[in-house]
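A look at the structure
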Amino acid sequence: MSNPAPIAVALDAPNLGALQDWAGLVAPWVSTLKVGLEVFCRDGDLSVSGARAAASSAGVKGIEIFLDLKLHDIPATVAGAARAVAHLEPAILTVHAAGGAAMVEAAALALPNTRIAAVTVLTSLDEQALAAIGMIGPSIDAAVRLAVLATNAGARAVVCSPREVAAIRAAVSPEITLITPGVRPPGSSVDDQKRVATPAQAMADGSDLLVIGRPITAAADVARAAQEIALSIVDVS
Ligand code: C5P
């Protein structure tokens, strides 16, 4: 396949060895490797350099790294944290949109060569949980509001549920990259994800990058699972 599919594989691995094995197996098929909070807190820079090295050993140069740290603090601290990972050259770094416009702007200014992706509403929060933290009203309204706020403040990407992607696509500039976790191929286990969509549906609704973890990394044949999902997207695009 000449162009890798717009998929970020969530490398939520139990150890660095597994992370590198998965990275090497999926790299030929996908555009992006996602290093999350758990792995980064445990393995630090090695989680990123190890993923890149494994992709390179598999013959894939220049795979993008999505550093999913979901930063949320005062603007100066978030800017400092963003600068602290600049040497890793992530293509994408996540921050929480709920940190406010000044915080998102501080991250964007600190890392101008990285696409700052604003997380809107965590898909683990239902409307009752949102009301309990003072976010009254439908979660889709909060997601659209936070997406507009964050992109106006300099975020170049938004992380949202596949259920919200069409509404956010309509509300932000076409240049904004929309990233959707909670994606499951037809017939696949939903695991702990509550509101899922198939890869084809998420793409049709305006997603630019699908975050997919366990349907690939928990498969008996990791490379084949990545290949099949990648080809299913290429077929519909
Ligand atoms: O294994 P699975 O496909 O459910 O992995 C989804 C990935 O996306 C995980 O790394 C998870 O942390 C991340 N994520 C999510 N929901 C969000 C934001 C990120 O599931 N709202």
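Owing to the predicted nature of the structure, the values given are computational and were not obtained by experimental measurement. Counting restarts for each chain, with residues numbered from 1 along the sequence as it is written. Since the coordinates come from a predicted model, pLDDT governs what is reported: local features require at least 70, and pairs of side-chain atoms require 80 or more to be given and counted, while whole-chain, interface and lining totals use all residues. Heavy atoms from the whole structure form the basis of all side-chain values; hydrogens and water molecules are not counted.

The subject of this paragraph is the site of the ligand. Here, proximity means that at least one heavy atom of the residue falls within 4 Å of the molecule or strand. Neighbouring residues of the ligand: 13 residues in total, closest Asp12, Arg184, Gln193, Gly213 and Arg214. Throughout this description, a polar contact denotes any pair of N or O atoms lying within 3.5 Å of each other; where both atoms belong to protein, one of them has to be capable of donating a hydrogen while the other can accept it, and for residues adjacent in sequence the pair is counted only when both atoms sit in side chains. Residue Arg214 places a main-chain N or O atom 2.7 Å away from an oxygen atom belonging to the ligand. Using a 1.4 Å probe, the Shrake-Rupley method yields the accessible areas, and only the shown protein chains count as cover for residues. Surface burial for the ligand is 84%, taken as the share of its 470 Å² of free accessible area covered by protein chains. Counting residues per element, the ones that place at least two in the shell around the ligand are strand 8 (209-212) and helix 10 (214-217). Per-class residue counts for the shell around the ligand are five nonpolar, three polar and five charged. Each helix corresponds to a stretch of at least 4 residues labelled H or I by DSSP, and each strand to a stretch of at least 2 residues labelled E; elements are numbered beginning at the N terminus. Each residue gets one of three labels, nonpolar for Ala, Val, Leu, Ile, Met, Phe, Trp, Tyr, Cys and Pro, charged for Asp, Glu, Lys and Arg, and polar for the others, Gly among them.

The backbone of Lys70 shows a phi angle near 45°, a positive value even though the residue is not glycine. Along the chain, Lys70 turns up in strand 3 (residues 64-71). Any residue under 20% of the maximum accessible area for its type is buried, any over 50% is exposed, and the rest in between are partly exposed; the area is computed with a 1.4 Å probe on protein chains only. A residue is classified by how much of its surface remains accessible, and Lys70, at 29% relative accessible area, is partly exposed. Phi at Glu89 takes a positive value of approximately 50°, unusual for a residue other than glycine. Mapping Glu89 onto the fold places it in the loop between helix 4 (75-84) and strand 4 (92-96).

Here the focus is the packing of helix 4 against helix 5 (residues 101-110). Orientation is described by lines fitted to C-alpha atoms, with helices fitted over the stretch in contact, and by angles between N-to-C directions that extend from 0 to 180 degrees. Contact geometry for helix 4 and helix 5: axes closest at 8 Å, N-to-C directions at 25°. With respect to helix 5, the element helix 4 is oriented roughly parallel. Helix-helix and strand crossings are classified by hand; for helix 4 and helix 5 the assignment is right-handed. Only Ala102, Met103, Ala106, Ala107 and Ala110 of helix 5 make contact with helix 4, whose side of the interface consists of Pro75, Val78, Ala79, Ala82 and Arg83. A per-class count over the contact of helix 4 with helix 5 returns nine nonpolar, no polar and one charged. When an angle is under 35 degrees it counts as roughly parallel; over 145 it counts as roughly antiparallel; between 65 and 115 it counts as roughly perpendicular; any other value is oblique. Helix crossings are classified by the rotation of the near helix relative to the far one: an anticlockwise turn of less than a right angle makes the crossing left-handed, while a clockwise turn makes it right-handed. Whether two residues touch is decided by their heavy atoms; if any such pair falls within 4.5 Å, the residues are in contact.

A barrel is described by the order of its strands in space; here eight strands give the closed sequence 1-2-3-4-5-6-7-8, paired in parallel fashion. Taking each pair of neighbouring strands and ignoring which way they run, the sheet shows an average axis angle of 25°. What makes two strands pair is DSSP finding at least two bridges between them. By the bridge criterion, four bridges tie strand 1 (residues 5-10) to strand 2 (residues 30-36) in an arrangement that is parallel. Note that in strand 2 the partner of Val9 across the bridge is Leu33. In the packing of helix 5 onto the sheet, contacts are made with strand 3, strand 4 and strand 5 (115-119), and the angle to strand 4 comes to roughly 160°.

Here we take up the pattern of salt bridges. Here a salt bridge means any side-chain nitrogen of Lys or Arg lying within 4 Å of a carboxyl oxygen belonging to Asp or Glu. Enumeration according to the criterion identifies seven salt bridges in this entry. Of the charged contacts, one joins Asp68 and Lys34 as a salt bridge, the two residues approaching to 2.7 Å between their closest N and O atoms. With Asp68 in strand 3 and Lys34 in strand 2, this residue pair connects regions lying 34 residues apart in the sequence. In this structure, Asp68 and Lys34 share a single accessibility class: buried. Of the charged contacts in the structure, one is a salt bridge between Arg42 and Asp43, with a shortest N-O distance of 3.1 Å. On the basis of relative accessible area, Asp43 is assigned to the buried category, the value being 18%. Through salt bridges that share partners, Lys34, Asp68 and Lys70 make up one connected network.

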